[in-house]
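Coordinate inspection notes
Chain by chain, the residues:
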Amino acid sequence: MGDHLAKSGHGTAPALRWEDPPDGPVLVLLDQTRLPQEEVELVCTDVPALVQAIRTLAVRGAPLLGLAGAYGIALAAARGYDVDDAAAVLAHARPTAVNLGYGVRRALAAFRAAGPGQGAAAALAEARRLHAEDAAASTAMAEHGARLLAELAPGGGYRILTHCNTGALVSGGEGTALGVVLAAHRAGELRRLWVDETRPLLQGARLTAWEAARAGMPYTLLADNAAGSLFTAGEVDAVLIGADRIAADGSTANKVGSYPLAVLARYHQVPFVVVAPTTTVDQATPTGAAIEVEQRPGSEVTDLAPSPLGTQAYNPAFDVTPPELITAIVTENGVVSPVTAESLAAVCAQNDVR
Ligand code: MRU
């Protein structure tokens, strides 16, 4: 896996891009573990390098993992690796974000359906199609989300609390929850973005604050455990988060710390809104209890603050919020509210009639 400083004369390099130099195609990732200190790109020439980038969170966030999976199949095909093996290892590189397996399956199906000698080109075309669809979904979610905010918090001047990172770093477009925040900001309606640090890997402090600063948003960083006092002070008009997997009943897995925010929001009667494309809805997972939550090394917690040698740490990457605590789910096809299995299925079914 190569490593070089991103060329960023015109701004930041994209989170992920395909390149085809003379010595063979590569997938180039903006290494999110190095932000915000450095903009460094990782050049993946093979699937093991991409799997390593996924596991270490160099590339992360549900929609972007879908793109990484699809381009990973295209890379395997173009480089002459066994595509079925690549699909198996890529799809399971991380267990919770359903988009990863979805992206892999889309590119794999295109590869298999192609004529002799056409598989690599077909897989790449499918990855590019998914990329364009994800960008379009971002735009649509931002529009639906902005309209929903106007209904939920009439009068504008929103103070929005968010968790983890859900912007252009996780998407082919401008993101999910942060895409909605950006739309509100552009409309002059964002009074403040409250950014949870998002322990232990600090996606909020490192990545959301970085994206918010670059967009010129008024934002304030807070330790995750300071959220309660913000609600008590009446400083939050809405909570907006993304999702890694939404079960058929609307239960939503997102970055650990999302569920406590949903409980706080309900207690304080503040809307709690999930923003996610329909590719994050997994009809094959019936309930929240059936969502596999990734457990990450305890060292991610113990490395963050001094603790006695040998201390064990509990480090689930995600938690699950039940549908009854979710005011609305914003998808590219529209807003699901109240969140029920039926309303969620109906918004997803719109994809079948296109
Ligand atoms: O472990 P991560 O950083 O991949 O977790 C990402 C999140 O939890 C995001 O909130 C989620 O993927 C939604 S991104 C649009």
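Everything in this summary refers to the structure shown in the same document. Keep in mind that this is a model prediction, so the values were computed, not measured.

1. Structural notes on the environment of Pro154
- Note on placement: Pro154 falls in the loop between helix H5 (119-152) and strand S5 (158-162).
- Taking relative accessible area as the criterion, Pro154 reaches 66% and is therefore assigned exposed.
- Linking Pro154 and Leu261, residues 107 residues apart in sequence, is a C-alpha distance of 22 Å.

2. Brief notes about the sheet that holds strand S14 (residues 328-331)
- Across the sheet, seven strands lie side by side as S7-S6-S5-S8-S11-S14-S15; this open sheet has mixed pairing. Taken across any chain shown, the strands that pair with only one partner, and hence form the sheet edges, are strand S7 (219-222) and strand S15 (334-336). Between one strand and the next, the sheet's axes are offset by a mean angle of 25 degrees, whatever the strand orientation.
- Of the pairings in the sheet, the one linking S5 to strand S6 (residues 190-196) comprises five bridges and is parallel in character. Paired with Tyr158 across the strands is Leu190, a residue of S6.

3. Structural notes on the pattern of salt bridges
- Applying the stated criterion across every chain yields a total of 16 salt bridges.
- For Arg159, the salt bridge goes to Glu235, with nearest N and O atoms at 3.6 Å. Residue Arg159 is located in strand S5, and its partner Glu235 is located in the loop between helix H8 (227-232) and strand S8 (238-241); the two are separated by 76 residues in the primary sequence.
- Judged by relative accessible area, Glu235 falls into the partly exposed class, the value being 29%.
- Taken together, the shared-partner salt bridges connect Arg94, Glu294, Arg296 and Glu300 into one network.

4. What to know about the sheet that holds strand S9 (residues 245-247)
- In spatial order, the strands read S12-S9-S10-S13; together these four strands make up an open sheet with mixed pairing. Each edge of the open sheet carries a strand with a single partner, namely strand S12 (281-282) and strand S13 (318-321).
- Two strands pair when backbone bridges link them, and S9 and strand S10 (residues 252-255) are joined in this way by two bridges, in the antiparallel orientation. Note that in S10 the partner of Ile246 across the bridge is Thr252.
- Running at roughly 35 degrees to S13, helix H9 (residues 258-267) makes contact with S10 and S13 of the sheet.

5. Here we look at the side chain of Asp282
- With respect to the helices and strands, the residue Asp282 is situated in strand S12.
- When neighbours within four sequence positions are excluded, Asp282 is seen to be in contact with Val98, Arg245, Ile246, Ala247 and Ala248.

6. Quick look at the site of the ligand
- Inspection of the region around the ligand gives 18 residues, with Arg60, Arg94, Asp244, Asn254 and Lys255 positioned closest.
- Within the side chain of Arg60, a nitrogen or oxygen atom sits 2.5 Å from an oxygen atom of the ligand.
- Side-chain polar atom of Asn254 to an oxygen atom of the ligand: 2.7 Å apart, as the coordinates give it.
- Protein contact buries 100% of the 410 Å² of open area that the ligand shows by itself.
- For the shell around the ligand, the secondary-structure elements that each account for two or more residues are helix H2 (62-78) and S10.
- Here the residues of the shell around the ligand sort into seven nonpolar, seven polar and four charged.

7. With respect to the pairing of S10
- Taking the residues between adjacent antiparallel strands as the criterion, S9 and S10 are bridged by four residues, where Gly250 takes a positive phi near 95 degrees.
- Pairing between S10 and S13: four bridges, direction antiparallel. Within S13, the position partnered with Thr252 by the bridge is Thr321.

8. Thoughts on unusual backbone geometry
- Cis peptide bonds are those with omega within 30 degrees of zero, and the linkage from Leu35 to Pro36 qualifies with 5 degrees.
- Tracing the backbone shows Pro36 in the loop between strand S3 (26-30) and strand S4 (40-44).
- With an omega of 0 degrees, the peptide bond running from Ser337 to Pro338 counts as cis.
- Inspection of the secondary structure puts Pro338 in the loop between S15 and helix H11 (341-349).
- A positive phi angle is found at Leu57, which is not glycine, with a value near 70 degrees.
- Structurally, the position occupied by Leu57 is in the loop between helix H1 (47-55) and H2.
- For Leu57, a relative accessible area of 6% gives the class buried.

About the thresholds
- Residues numbered from 1 in each chain as written.
- Predicted model: local features only at pLDDT ≥ 70, side-chain atom pairs only at ≥ 80, totals over all residues.
- Heavy atoms only, no water.
- Helix = DSSP H or I, 4+ residues; strand = E, 2+ residues; numbered from the N terminus.
- Buried < 20%, exposed > 50% of the residue type's maximum accessible area, 1.4 Å probe, protein only.
- Pairing = 2+ DSSP bridges.
- Axes fitted to C-alpha atoms, helices over the stretch in contact; angles between N-to-C directions.
- Salt bridge = Lys/Arg side-chain N within 4 Å of Asp/Glu carboxyl O.
- Contact = heavy atoms within 4.5 Å.
- Near = heavy atom within 4 Å.
- Polar contact = N/O pair within 3.5 Å; in protein donor to acceptor, adjacent residues only side chain to side chain.
- Areas by Shrake-Rupley, 256 points an atom, 1.4 Å probe, with all protein chains shown as cover.
- Nonpolar A, V, L, I, M, F, W, Y, C, P; charged D, E, K, R; others polar.

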